[in-house]
Each structure stands twice: as structure tokens, then as C-alpha cells.
There are 2 protein chains.
Amino acid sequence: MYEDKIQIAKELADIAGRNIMRYFRKKDLFDTIETKGDTSPVTIADRTTEAAMREVIHSEFPNHGIVGEEYGIENPDAEYVWVLDPIDGTKSFITGSPLFGTLIALLHHNVPVVGIIDQPVLKERWLGVLDRHTLYNGKPCETRSCEALEKAALYSTGGRLMFKDASDADRFDKLNKKVSVSRFSADCYAYGLLSMGCIDVIAEANMKLYDYAALVPIVEGAGGAITDWEGKQLTRNSDGHVLAVGDKSMLNKVVEALR
Amino acid sequence: MYEDKIQIAKELADIAGRNIMRYFRKKDLFDTIETKGDTSPVTIADRTTEAAMREVIHSEFPNHGIVGEEYGIENPDAEYVWVLDPIDGTKSFITGSPLFGTLIALLHHNVPVVGIIDQPVLKERWLGVLDRHTLYNGKPCETRSCEALEKAALYSTGGRLMFKDASDADRFDKLNKKVSVSRFSADCYAYGLLSMGCIDVIAEANMKLYDYAALVPIVEGAGGAITDWEGKQLTRNSDGHVLAVGDKSMLNKVVEALR
């Protein structure tokens, strides 16, 4: 099932990676940086990458819907809807850091059934498919067990935009004080690290559908759980709070720590 | 001048990179993580890497001194002193992120005359030598100009250990509110990005000699400035506050913003 769509998802990631690498760390990129309404940056690389991916979807699956960060919504009530974030982590991208990625998801009846995180500098790709084992560069990967929150490694993109709501910032701080190690500013790359057993917990806020849809089959297919901050399943209408744990048995403890 | 020492510095970086990659993201690394007195983590990779580098220095330059993060000080009053941080960014390393590096510096009469940042996952190396142009993977690199603090990209490792002094945290926040983009948790990799013109400002605290000695010839040889938070030259006895700017003409504005 989904084989033809998985093949196209991989092609979309290939096209995105090639386009992004034309701009990475290039002087002519820096001149194209604009600030969007929510004060986040966008560049010619974000825009041309999403446009190139949309063109392939239009041609291969003209009846599918598309939700993308840069060019909005087309046919959102279709049976299949593609969800695209050409560069998740634009702030890392425009500052030369490889901790960004292209996010590609396919929703079937609103459920994310295919997800890709693609990192073109490091040539790393995570592929998740509903009810299958997640693949890292073509090989199965899995989350690790974690015996206690006090031993956990936590990642979060963090920053003023993500935790602009003071109560989110307070709740995150409570969790952050309990863990062993925390790192910031990794965007989607953190979910790749969690899915290959390098870190244990991620807590983020103000996430849009295109920020989290691809992550769902990747984290779940690697053995982890991804929910909102109450431990509830993510849906198309979730409130933007995202929590991921590598060890599912830790989920309740993390939800508790975030209260 | 220094040619034989530069050659050995490169060999030390090669040896460090090979050793570190034996452990990166490996399950047997995670079991070796210990917490040091300052609550920072250390692993078998940090220790074996520094030991391997020391062995080469003992053999090649038996009269030189060594200051290293893991094994302390030998012969500190020698004319030449090597300053080693086998893994700067151990928290990134143990969580699978490539934003860490090996730092190698050579002091001559207490002045850092050679500096290397080596990132073995991405195969990136910055080499700085006093009064020479900094090299990135063997090719000259340079910082960029920045017309205003409001347009600057800021990096800082940040976190509870770095800004445990509340007045440091407040001063950093003042600067952070003025810039366009900020990213965290990059350790020495940020100075590489600054030296190749991808970012504009770095402000850090609680830095030890082995955290900053290698950065001095790299940043200066790429056209930037690296000082303490008052704009004063870094010395062996600096107070641990480190500030780097790609565009030297911005130095006073950043010092002012940090007041």
C-alpha cells in the first residue's frame, strides 16, 4: 500500500535537497532573506523548493491536496493531502548550520501515513510509513529505552517565537530542570535523533501541521510516541504543542513534568 | 615560521577525528557518559582522544607544555604550550548532533599562534595561524560585513552552565533582543560559521582557556575580532567572557549592547 506515493515522496526529497544545496551558505542567498508576518525568515530557497515539489505533485497526483508552508492550501478535503515544509529550520539554514531539514508528509483521510525528514548537507534521510519500521538512510532505526527522566536527553527548538506564551515557557522550564542534558535550535533534526536512539524527549510549541505531520509516522515507526503536551494524539487540528518520547513508557512522566 | 608545529597540529586533528568517529552515535558510547564536578558530561571518547593527542606531542615536542580539558596541565611555563579540547560540545556529541569539534591551539610565549577547529562528521576544518589568512578545508575564508546589529545573526552555546551567573544571562538577553536571528547549542562550530561569513556575533561566558585559545587565530585571521565582553584582548588569564564579531567595526556596538 502507498508504494507509488512513497516513491514520489522520495523523489520530492531528492529534488528539494538538490535545490537547497544550490543556496546553502551562498552569498546570493543572504540577499534574499525576508521576514514573514510571524517574524520568521523565508528565502528564495524555501520558495523555489516548495514550488518544485508542488509541480511534481500536480503532475503525478492531480487530485491530491497540498498544504505547504510557503504557498498555502490547495484542495484540502481531498482523500490524499501532501503536507510540505521545504526548509524546517530556516534560521539554521540561513546561518550555515546543517540542523535543518525538508519535511514531506502524506495524509490519507487526515492521518499521516508517510513522512520524510531529509537533511541534504549530511545526506541523512528518515522515512516513516504507517505500520512499518522507520528507515534511516534505508536501514531500520529505533528509539532507545530511558529508565528515568533524570537520565534523559532533551531537545527543543526553543527561542522567543516558539515559547512566546509565558505559560509554555514556564511549563517547558519545569521539564528542562528535570533532565540530564538539553540542547536547542535543532528543529526537525531532533526528531531524527530521537528516532535513531540518540535522545529521549522533545517538547515544542507553536508547531503548525507542516511542522509535525511528517514526524508522526517517523517517530511512531521507530518505537516512540508523539502527542500534544497532554499526551493526546496529534491531529490536523492539534493546538501546536508537540511532545515526543523515544521510550513510550515515559510519556506520562513527561506530561506530568510539563504541568 | 611554525611550519613543523602546524603540520603536527593537523596530524593531531586527524587522529582526534578518527578516534571520535569510532564512538559517534554508538551504543557503547552512551554507557561511558560520566558527569564531571562542574556537571558537564565526559565520555571515553573525550578521554582517549586527548590521551592520543598528548602522546604525539610528548614524542614530537618533549619540551612543550600541554593544557587539556581532561588531563590537566603539564609544563605550563614552556615557551610553547599546546591547548587541547578533544571534544568541545560534548553535550551535542553524546546526543548525536554534529555541532561539536576538536579544538587544538598552540601558544607561543602565551600568545595563540595556531588554532584548529575540526568537525569530523561533516569533515570540516578551520585552521588559523597568527598573521595569516584563515583556511576552511584548505581554502581561504573570511567573515562578512554587517551594517547594523538589527540585521545580525547571533550564536551562543547558552544554557544553564554557561549563563549560571544571572547578570551574564541578563546582559546576554539585552544583546539577544537586538539581533535579527539567534541560534543556540553550537559550541565551537559557531566560530567556524562566523569565520566563513555565515553569522555575525557570538557571545559566551564561563569559557576556559581550552575553549577559546584555538578560536583566536581562526577568527582574527578571517578578518573578525575576538575579545572579552569589554572588548579587551583575550589572554591566558581572561575571565571567561568571550565575544566574537565578524565585522570589527561592530565590536563597540556589541560591547555597548552587553552592558
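Remember, it's a predicted structure, so these values are computed and weren't measured experimentally.

Caption draft 1: Representation of the packing of helix α1 (residues 3–21) of chain A against helix α3 (residues 44–60) of chain A within the structure. All names here are of chain A. The interhelical angle for the contact between α1 and α3, taken along N-to-C directions, is 155°, at an axis separation of 9 Å. Taken together, α1 and α3 sit at an angle that is classed as roughly antiparallel. Once α1 is placed against α3, the crossing between them reads as right-handed. Contact residues: α1 offers Ile8, Leu12, Ile15, Ala16, Asn19 and Ile20, while α3 offers Ala45, Thr48, Thr49, Ala52, Met53, Val56, Ile57 and Glu60. Its residues placed into classes, the contact of α1 with α3 shows 10 nonpolar, 3 polar and 1 charged.

Caption draft 2: Geometry of the sheet that holds strand β15 (residues 242–245) of chain B. Residue and element names in this part refer to chain B. Here we have 5 strands laid out as an open sheet, ordered β12-β11-β13-β15-β14, and mixed in their pairing. Both edges of this open sheet fall to β12 (181–184) and β14 (225–227), since each of them pairs with a single strand only. In this sheet, neighbouring strand axes are inclined to one another by 15° on average, regardless of whether the strands run parallel or antiparallel. Bridge analysis of strand β11 (residues 153–156) against β12 gives 4 bridges, and the strand direction is parallel. Across the sheet, Ser156 pairs through a bridge with Phe184, a residue of β12.

Caption draft 3: Representation of the side chain of Asp187 of chain A within the structure. Inspection of the secondary structure assignment puts Asp187 of chain A in the loop between β12 (181–184) and α7 (189–195). Using a relative accessible area of 11% as the deciding quantity, one classes Asp187 of chain A as buried. Ignoring anything within four residues of it in the chain, the contact list for Asp187 of chain A reads Asp88, Gly89, Ser92, Leu99 and Thr157 of chain A together with Arg183 of chain B.

Caption draft 4: Quick peek at the relation of the copies chain A and chain B. Superposing chain A onto chain B takes a rotation of 180° plus a shift of 0.0 Å along the axis, which leaves an RMSD of 0.0 Å. What the superposition gives is, in effect, a two-fold axis relating one chain to the other. Every residue of chain A has its C-alpha some distance from the rotation axis, and the shortest such distance is that of Phe184 of chain A, at 2.9 Å. Comparing interface residues between copies, 100% of those in chain A also sit at the interface in chain B, which points to an isologous, same-surface contact.

Caption draft 5: Region of the structure containing the pattern of salt bridges. By the definition in use, this model includes 30 salt bridges over all chains. Put simply, Asp4 of chain B and Lys5 of chain B hold a salt bridge, and the shortest N to O gap is 3.5 Å. Taking the relative accessible area as the measure of exposure, Asp4 of chain B reaches 41% and is therefore partly exposed. Relative accessible area serves as the criterion here: at 11%, Lys5 of chain B is assigned to the buried category. The residue Arg54 of chain B makes a salt bridge to Glu50 of chain B at a minimum N-O spacing of 2.9 Å. Note that Arg54 of chain B and Glu50 of chain B are positioned in helix α3 (residues 44–60) at a spacing of 4 residues, about one turn of the helix. Accessibility assignment for this pair places Arg54 of chain B and Glu50 of chain B in one class, buried. Overlapping salt bridges, with partners in common, bring together Asp14, Asp118 and Arg125 of chain A in one network.

Caption draft 6: Broad picture of unusual backbone geometry. With a phi angle near 45°, Asn137 of chain A is a residue other than glycine that sits in the positive phi range. Counting through the fold element by element, Asn137 of chain A comes out in the loop between β9 (135–136) and β10 (139–140). Positive phi values are uncommon outside glycine, yet Ser185 of chain B reaches one of about 70°. Along the chain, the position of Ser185 of chain B falls in the loop between β12 and α7 (189–195).

Caption draft 7: Inspection of the confidence of the model for chain A at higher detail. Residues with a pLDDT of 70 or more make up 100% of chain A, whose mean pLDDT is 96. Taken over the whole predicted complex, pTM reads 0.96, whereas the ipTM for its chain interfaces reads 0.95.

Caption draft 8: Summary view of the sheet that holds strand β15 (residues 242–245) of chain A. All names here are of chain A. An order of β12-β11-β13-β15-β14 is seen for the 5 strands of this open sheet, with the pairing classed as mixed. Both edges of this open sheet fall to β12 and β14 (225–227), since each of them pairs with a single strand only. Direction aside, neighbouring strands of the sheet carry axes that sit 15° apart on average.

Caption draft 9: Broad picture of α1 of chain A. All names here are of chain A. If you check α1, its first and last C-alpha atoms are 27 Å apart, about what 19 residues at 1.5 Å a residue would give, namely 27 Å. Regarding α1, the residues found buried are Lys5, Ile6, Ile8, Ala9, Leu12, Ala13, Ala16, Gly17, Asn19 and Ile20. Where the residues of α1 are buried, they touch α3, β5 (80–88), α4 (90–93), β6 (101–108), β7 (111–119) and β8 (124–129).

Rules used throughout
Within each chain, residues carry numbers counting from 1 in the order of the written sequence. For naming, the first written chain is A and the first written ligand is 1, with later ones following in the order written. Per-residue local features of the predicted model are confined to residues with pLDDT of at least 70, and side-chain atom pairs are confined, for both listing and counting, to 80 or more; whole-chain, interface and lining totals are unaffected and use all residues. As a rule here, side-chain values cover all heavy atoms of the structure and leave hydrogens and water aside. Axis definition: a line fit to C-alpha positions, over the contact stretch in the case of helices; interaxial angles, taken between N-to-C directions, run 0 to 180 degrees. Note on conventions: DSSP H or I runs of at least 4 residues are helices, E runs of at least 2 residues are strands, and numbering of each starts at the N terminus. Working definition: roughly parallel below 35 degrees, roughly antiparallel above 145 degrees, roughly perpendicular at 65 to 115 degrees, and oblique for all remaining angles. Take the far helix as your reference; a near helix turned counterclockwise from it by less than a right angle gives a left-handed crossing, and one turned clockwise gives a right-handed crossing. Should any heavy atoms of two residues lie within 4.5 Å, those residues are counted as being in contact. Here the nonpolar group is Ala, Val, Leu, Ile, Met, Phe, Trp, Tyr, Cys and Pro; Asp, Glu, Lys and Arg are the charged ones; every other residue, Gly included, is treated as polar. In this scheme, strands are said to pair when DSSP sees at least two bridges between them. Relative accessibility decides the category of a residue: with a 1.4 Å probe and only protein chains considered, values under 20% of the type maximum give buried, values over 50% give exposed, and everything between is partly exposed. Superposing the copies works by least squares over the C-alpha atoms of residues that have pLDDT at least 70 in both of them. Salt bridges are identified by distance alone: a Lys or Arg side-chain nitrogen within 4 Å of an Asp or Glu carboxyl oxygen. pLDDT is defined as a per-residue confidence score from the predictor, taking values between 0 and 100. What a helix should span is 1.5 Å times the count of its residues minus one.

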